[in-house]
Each structure stands twice: as C-alpha cells, then as structure tokens.
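Structure at a glance
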Amino acid sequence: MSGIGILGFGAYTPSRVMTNEDWSQYVDTSDEWITSRTGIKTRRIAAAEETTVDLAEQAALAALADAGVATEEIDELIVATDTPEVYMPDTAAFLQHRLGLREVPAYDLGGSGCAGFVLALDLARSRALSENATVLVVGVEMLSRLMDWSDRNTCVLFGDGAGAAVIGARAGAAEILACVAGTDGSQTGILQRETGGTKKPFSKELAESGEFLKIDFNGRSVFKEAVRRMTASAVAVLEKAGHQLSEVDLVIPHQANLRIIQAVTKSLGLQPETVFSNVEKLGNTGSASVPLALVDARECGSLHSGDLVLMTAFGAGFHWASALIRF
Ligand code: UT7
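Residues numbered from 1 in each chain as written. Predicted model: local features only at pLDDT ≥ 70, side-chain atom pairs only at ≥ 80, totals over all residues. Heavy atoms only, no water.

Describing helix α5 (residues 116–131)
Using the following cut-off: Only DSSP runs of H or I covering at least 4 residues are called helices, and only runs of E covering at least 2 are called strands; the numbering of each starts at the N terminus. Expected helix span is computed as 1.5 Å times (number of residues minus one). Burial here depends on accessible area, computed with a 1.4 Å probe over protein chains only, as a share of the maximum for the residue type. Under 20% is buried, over 50% is exposed, and the range in between is partly exposed.
Counted at 1.5 Å a residue, the expected span for α5 with its 16 residues is 22 Å, and the 22 Å between its end C-alpha atoms agrees. Among all positions in α5, only G116, F117, V118, L119, A120, L121, D122, A124, R125 and A128 are buried. One or two positions beyond α5, positive phi appears at N132, with a value near 50°.

A closer look at the pairing of strand β1 (residues 4–12)
Short version of the rule: Pairing between strands is defined by DSSP: at least two bridges between them are needed.
Along β1, seven of the nine residues are buried, which leaves the element largely enclosed by surrounding structure. As defined by bridge partners, β1 adjoins strand β7 (residues 161–169) across eight bridges and the pair is classed as antiparallel. Each bridged residue has a counterpart across the sheet, and for I4 the counterpart in β7 is A169. Two strands pair when backbone bridges link them, and β1 and strand β8 (residues 174–183) are joined in this way by two bridges, in the antiparallel orientation. When the sheet's bridge partners are listed, I6 is paired in β8 with A174.

Section: the sheet that holds strand β5 (residues 106–110)
Our working definition: Each axis is a line fitted through C-alpha atoms, taken for helices only over the stretch in contact, and angles between the N-to-C directions span 0 to 180 degrees. When checking whether two residues touch, look at their non-hydrogen atoms; a contact exists if any pair is within 4.5 Å.
Spatially, the nine strands line up as an open sheet ordered β5-β4-β6-β7-β1-β8-β13-β12-β11, and their pairing is mixed. On the outer flanks of this sheet lie β5 and β11 (250–253), each paired with one strand and no other. The mean inter-strand angle of the sheet, taken between neighbouring strand axes irrespective of direction, is 25°. Here strand β4 (residues 76–81) runs beside β5; their pairing, made up of five bridges, is parallel. Directly across from V79, in β5, lies its bridge partner D108. Where helix α3 (residues 52–67) meets the sheet, its contacts fall on β1, β4, β6 (135–141) and β7, and the angle it forms with β1 comes to roughly 135°. Packing against the sheet, helix α11 (residues 289–299) makes contact with β1, β7, β11 and β12 (308–315), and its axis sits at approximately 90° to β1.

Section: the domain arrangement of the protein chain
Interface size, as often reported, equals the accessible area lost upon joining of the parts. Threshold: Reported domain spans reflect what an automatic or database domain assignment gives. By buried area we mean how much accessible surface two parts lose on assembly, using a 1.4 Å probe and totalling the loss over both.
Domain annotation for the protein chain reports domain 1 (4–173) and domain 2 (177–326). Distance between the C-alpha centres of domain 1 and domain 2: 14 Å. Taken together, the contacts link 49 residues of domain 1 with 42 residues of domain 2. Between domain 1 and domain 2, the buried area comes to about 3,500 Å², and carbon and sulfur atoms account for 65% of it.

What to know about the packing of helix α8 (residues 219–241) against helix α9 (residues 258–268)
Quick reminder of the rule: Each angle gets one of four labels, with under 35 degrees taken as roughly parallel, over 145 as roughly antiparallel, 65 to 115 as roughly perpendicular, and the rest as oblique. Left-handed describes a crossing whose near helix is turned anticlockwise from the far helix through less than a right angle; right-handed describes the clockwise counterpart. We call Asp, Glu, Lys and Arg charged. Ala, Val, Leu, Ile, Met, Phe, Trp, Tyr, Cys and Pro are nonpolar, and the rest, Gly among them, are polar.
Packing of α8 against α9 brings their axes to within 9 Å, and their N-to-C directions diverge by 40°. Accordingly, the angle class assigned to the pair α8 and α9 is oblique. Here α8 runs over α9; the crossing is right-handed. Only R259, I260, A263, V264, S267 and L268 of α9 make contact with α8, whose side of the interface consists of F223, A226, V227, M230, T231, A234 and V235. For the contact of α8 with α9, a count of residues per class yields 10 nonpolar, two polar and one charged.

Examining the pattern of salt bridges
Between side chains of opposite charge, a pair can form when the charged atoms approach closely. Applicable threshold: Salt bridge, as applied in this entry: a Lys or Arg side-chain nitrogen positioned within 4 Å of an Asp or Glu carboxyl oxygen.
This model, assessed by the stated rule, comprises 17 salt bridges. With its nearest N and O atoms 2.8 Å apart, the salt bridge here joins R102 to D75. Residue R102 is found in the loop between α4 (91–99) and β5, and its partner D75 is found in the loop between α3 and β4; the two are separated by 27 residues along the sequence. Judged by its relative accessible area of 39%, R102 falls in the partly exposed class. Of the charged contacts, one joins E208 and K204 as a salt bridge, the two residues approaching to 3.5 Å between their closest N and O atoms. Of this pair, E208 and K204 both sit in helix α7 (residues 204–209), four residues apart, which is roughly one turn of that helix. Overlapping salt bridges bring together D184, E225, R228 and R229 as one network.

Listed below in structure tokens is the structure:
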C-alpha cells in the first residue's frame, strides 16, 4: 500500500440547463430518441462569458476547500481536457496562474478523451509517491463550445462541467489502492477530431464549411469498445489490488450513456444499485464525468466512509483507466 490518497474533491457545473426538447429546436431529434438511446434528459451548457479555465477554477477551489489544502501547498497540477482554453499553451498554465499556485509543474493530459481524469489520477498518485508531492488533478470539458450544433449524431450527447481532486499522503485519506490504464491506438479514426493538427491544419475552407467542428464518430463501435474495455480494466484493477468484485461497495463509471453503464453492470455481474449514474442530468462531460459523478454520489448519500470504490473510464484513443479507492 502506498498511503497515497484523495484528500478532497469537488466539482462545478454551469447553471444553464438544456433539455432534450431544447435540442429539438436545433436538430431533428426528440426526447424519445435521446432518452431511449442514451438515458440523457438534460445537460449543462456554459455561459457565453465562461471558458474552460473558469469551470476548472471553480472545481479546483471546491476540491481544495474539501481537502483543507491551501493553494501554496500544491506541488503539481494536472489538467485533463479535450477542450482547452487555447491551442497553446495548455490549460494548466492558465489555471496555475488563476489559482495563484507557486511556480510548480503544471501540464495537460490533452486528447486523453473521457478517460482523462482517471489517467491523471494514476499519474498524480505516482508523482505524489515519488516526489512526496501534493497534486491537484482537474478534469474539465466545455464541449458545447467546440462541437457542431447541427450534427445530431454527437451534439445531444455532451455537456459542460469540471471536477477536481487533491492527491497526496495523509493518514485517514481515501487511499488509492491500485490503478490500471491502457491504450489501443489502432482505432483512432472511430472517435476523433481531425482538424487543427498538422495532418489537417485549419484553413479558410474548413472554417467556412463548418467542417473544423466535425467529430468523426462511429457510435456503435465506440459503444462496444467502451463496454469491453471498462469491464476488462475493472477486473484488472481488482486483481492488481487483490480484491474481489463482491467487495466493491460503489462503482463510478464514466458517464457516456446509460446503456453502456447498464451493459458494464451486466457483464461484471454487479447489482444495479452498486453502480452510480448521473448521466441523465449531466450528459457526457468527457474527462469531468467521473469526478462529477463522485461528487453527486457523495451528495446523494451513496458514498460512505470505508466504502471500496471502483472508478472506470474509457474514451477516444482509445484510452481506458480504472482506479480502486478505499474511502
Ligand atoms: O465517452 C465515449 C464517447 N462516446 C460514447 O461512448 C458514445 C457511444 N455510443 C453511443 O452512445 C450510441 O452509439 C449512440 C447514442 C451514439 C447511438 O445509439 P445507437 O443505438 O448506436 O444508435 P443507432 O446506430 O441504432 O441509430 C442511428 C440512427 C441513425 O439513423 P438511420 O441511419 O438508422 O436512419 C441516425 O441518423 O439514429 C439517427 N440519429 C438520431 N435520431 C434522432 C442519430 N442521432 C440522432 C438524434 N436524434 N440525436
């Protein structure tokens, strides 16, 4: 056991609620279609004046307050996001300054898809262990700003939000018992945003056609991979920590789609009440989804002291990651 744990966590969601009916004003869709395919009913949309750093800042402040840790005590900052503040430098640089952190290492896990927060947690645990560091981890996404509002295949799925956690060594903290992560880069084209990189730089034509917002997305393939990888990495992290599935009190899966969560629940043979979901109210918030679900689980009384909690996430890459935590 490393003795490294979650000292505190917090989240932030913008106040504007967008319903499925609201979406039907923008694209040819319906509450019936969205609900039956995804379980999503509402999502949050950032205000025009908000940017990624605003969301990240609020979640970070909530996590720091929850942990009872001051900004000057933070030794490192990791931000997981696919919707950065600007193209360069990374969002972590903006957030380091905004929070008034010391001149500590601060960097993004960009492009890590919806697995970003759990990947960052794994990294933070290693850094906390090797450097005796207190690490602030943030998962933040403002997908509403960077998606195609006319593409019904993707736009209805996402929402904005941020979640954060402070990782370090402290007696009595929620100990991170084990983490596992993996990547299969053979299927990048199934879920990708191609425009803006060296392969397909921004151009006048891409901007005028709106194509720069396009996300290549094969929903069915992503669905199958998500179920397969989240199930396998959940089993792997339990094995690594020497625990049984029957000992798990609460599972916090990535919140992409209620049907994906139900399929993972079934393939692991779990009782549905063990598996937390808030996708109905927040939609898919990418790398923010796991910490947002954790905060919601605590607020609604589903997370108790002593609980063995399994987090599992999957996203573009494909990347996946799981963590086992004793709260
Ligand atoms: O976090 C990781 C990233 N994302 C995911 O994990 C998402 C994974 N995939 C999914 O959640 C599901 O595949 C979707 C929710 C995206 C789609 O559900 P599905 O059951 O796989 O849908 P489908 O393929 O059976 O249905 C597609 C049909 C198409 O119509 P045709 O070609 O069959 O006539 C679409 O045009 O549904 C149509 N469609 C819509 N209809 C109404 C697609 N989006 C919409 C929409 N409203 N918003």
